[in-house]
Amino acid sequence: MGAVIAAASLALPRPADASATTVQLAGRAARDCLSGTGLSPDSVGVLINVGVYRESNTFEPALAAMVQKEAGINLDYLADAVPSAGFSFDLMNGACGVLNAVQVAQALLDTGSTDRVLVTAADVHPGGRAADDPGYPYEDLGGALLLERSAEPGAGFGPVHLRSGPGPTGISGYLDTAAMGAGGRQLITVEQDADRAGKLLDLAAATVSEYVEEHGLDPQRTMVVCSRPTPDFAARLAGRLGLDPASVQAAGLPGSDPERSGEPHTAAPVLGYLTALEGGLPHAYEELLFLTVGAGPSAACAGYRLTGR
């Protein structure tokens with residue numbers, strides 16, 4: 001049985017919030033995700049958090065535990081050990097984190113280790129709001145996917161493929177301790193090589209072509225849902241692959257200027273999935289192909305056969 005998306009949700013900073021936090025965004029996305037299904041938070045056996053950029057550059061303790069608390073999942077594992085005591089952990093691999101988490105979730109679901117896995121992803125500017133720093137390339141955004149075993153044969157995620165390109169990494173995010181002064185917890189340095197977009201495009205095209213050939217996907221009946229490292233990335237990828245531009249989607253934030261908004265980063269697959277569905281996914285498409293590319297350079301790719309098609 002494949003792992004299917006039972007629910008998905010996004011969370012954006014609220015105008016009244018003084019600053020954005022990954023715990024709040026991921027926790028809110030998780031709660032909204034569960035509320036739409038009517039499931040209790042305690043029905044989630046495992047939570048995997050994959051965000052990278054965090055408020056105040058926080059790295060310890062594991063943010064997954066904080067997100068679990070924010071979402072109200074198994075707050076007392078002794079009192080509520082059924083159906084499961086609940087477990088959470090961070091998994092960090094930049095833009096590819098969600099698909100890495102899907103791969104882990106598939107193993108957990110296939111072995112019966114849990115009935116449901118909740119994947120959360122959120123990134124925020126360490127100083128509070130991405131919109132206040134024009135040099136920061138990412139959006140403040142949180143997302144969540146609730147995964148469970150499919151009752152429909154063949155539906156859900158297929159194998160997750162990972163691929164790396166030749167270095168250098170292309171993108172680096174770090175705290176410059178020599179120059180941070182007293183404000184280091186609110187600062188982050190993000191360096192992007194001038195040729196990174198071209199390298200990511202090469203890697204993305206090779207990854208998609210390899211996956212389609214190996215798993216026999218019909219490109220004419222598959223919509224590619226990809227990362228958005230540049231505003232024109234989807235159009236360029238469609239041209240490279242010889243696909244209809246409408247079949248390759250790299251979503252930006254709702255209501256944002258596609259030429260000016262930042263990169264959604266780790267929550268991009270959630271945003272892309274919801275955008276595809278809310279846009280009235282034509283019945284001609286029977287499968288989605290999730291594609292993420294980022295620092296490394298690295299790529300992850302996974303097919304997703306839609307239910308009822």
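The following refers to the structure shown. (Residues numbered from 1 in each chain as written. Predicted model: local features only at pLDDT ≥ 70, side-chain atom pairs only at ≥ 80, totals over all residues. Heavy atoms only, no water.)

### What about the packing of helix H4 (residues 196-215) against helix H5 (residues 233-241)?
Two elements in contact, H4 and H5, have axes whose closest approach is 10 Å; the angle formed by their N-to-C orientations is 50°. Taken together, H4 and H5 sit at an angle that is classed as oblique. Viewed along their axes, H4 and H5 form a crossing whose handedness is right-handed. On H5, the residues touching Ala197, Gly198, Leu200, Leu201, Asp202, Ala204, Ala205, Val208 and Ser209 of H4 are Phe233, Arg236, Leu237, Arg240 and Leu241. Class assignment for the residues of the contact of H4 with H5 results in nine nonpolar, two polar and three charged. (Axes fitted to C-alpha atoms, helices over the stretch in contact; angles between N-to-C directions. Helix = DSSP H or I, 4+ residues; strand = E, 2+ residues; numbered from the N terminus. Parallel < 35°, antiparallel > 145°, perpendicular 65-115°, else oblique. Left-handed = near helix turned anticlockwise from the far one by under 90°. Contact = heavy atoms within 4.5 Å. Nonpolar A, V, L, I, M, F, W, Y, C, P; charged D, E, K, R; others polar.)

### Digging into the sheet that holds strand S10 (residues 248-249)
Sheet strands associate in pairs through backbone hydrogen bonding, adopting either a parallel or an antiparallel arrangement. Sheet architecture is open: five strands sit in the order S6-S12-S11-S9-S10, paired in mixed fashion. Every other strand in the sheet has two partners, leaving strand S6 (156-164) and S10 as the edge strands with one partner each. As paired strands, strand S11 (residues 287-294) and strand S12 (residues 298-305) are joined by eight bridges and run antiparallel to one another. Its bridge partner lying in S12, Leu288 is registered against Tyr304. Along the sheet, helix H6 (residues 268-278) contacts strand S9 (222-226), S10, S11 and S12; its crossing angle with S11, the most-contacted strand, is approximately 150°. (Pairing = 2+ DSSP bridges.)

### With respect to the pattern of salt bridges
Counted by the stated rule, this structure contains 10 salt bridges. As a salt-bridge pair, Glu70 and Arg31 come within 3.7 Å of each other at their nearest N and O atoms. With Glu70 in helix H2 (residues 63-71) and Arg31 in helix H1 (residues 22-35), this pair connects stretches of sequence that are 39 residues apart. For Arg31, a relative accessible area of 32% corresponds to the partly exposed category. Across the salt bridge formed by Arg116 and Glu148, the nearest N and O atoms sit 3.4 Å from each other. Within this pair, whereas Arg116 is found in strand S4 (residues 116-123), its partner Glu148 is found in strand S5 (residues 141-149), the two being separated by 32 residues in sequence. Each member of the salt-bridge network shares a partner with another, and the members are Arg221, Glu286, Glu287 and Arg305. (Salt bridge = Lys/Arg side-chain N within 4 Å of Asp/Glu carboxyl O. Buried < 20%, exposed > 50% of the residue type's maximum accessible area, 1.4 Å probe, protein only.)

### Remarks on the sheet that holds strand S3 (residues 87-90)
Spatially, five strands are ordered S1-S5-S4-S2-S3 in an open sheet, and the strand pairing comes out mixed. Sheet topology places strand S1 (3-11) and S3 at the edges, where each strand pairs with a single neighbour. Neighbour-to-neighbour, the strand axes of this sheet turn through a mean angle of 15°, independent of strand direction. Bridge analysis of strand S2 (residues 46-49) against S3 gives four bridges, and the strand direction is parallel. Its bridge partner lying in S3, Asn49 is registered against Asp90.

### Quick look at unusual backbone geometry
The omega angle of the peptide bond from Gly296 to Pro297 is -10°, so this bond is cis rather than trans. Relative to the elements of secondary structure, Pro297 occurs in the loop between S11 and S12. Although it is not a glycine, Asn74 sits at a positive phi angle of roughly 45°. Its place among the elements puts Asn74 in the loop between H2 and S3. Despite not being glycine, His265 shows a phi value in the positive range, around 65°. Inspection of the secondary structure assignment puts His265 in the loop between S10 and H6.

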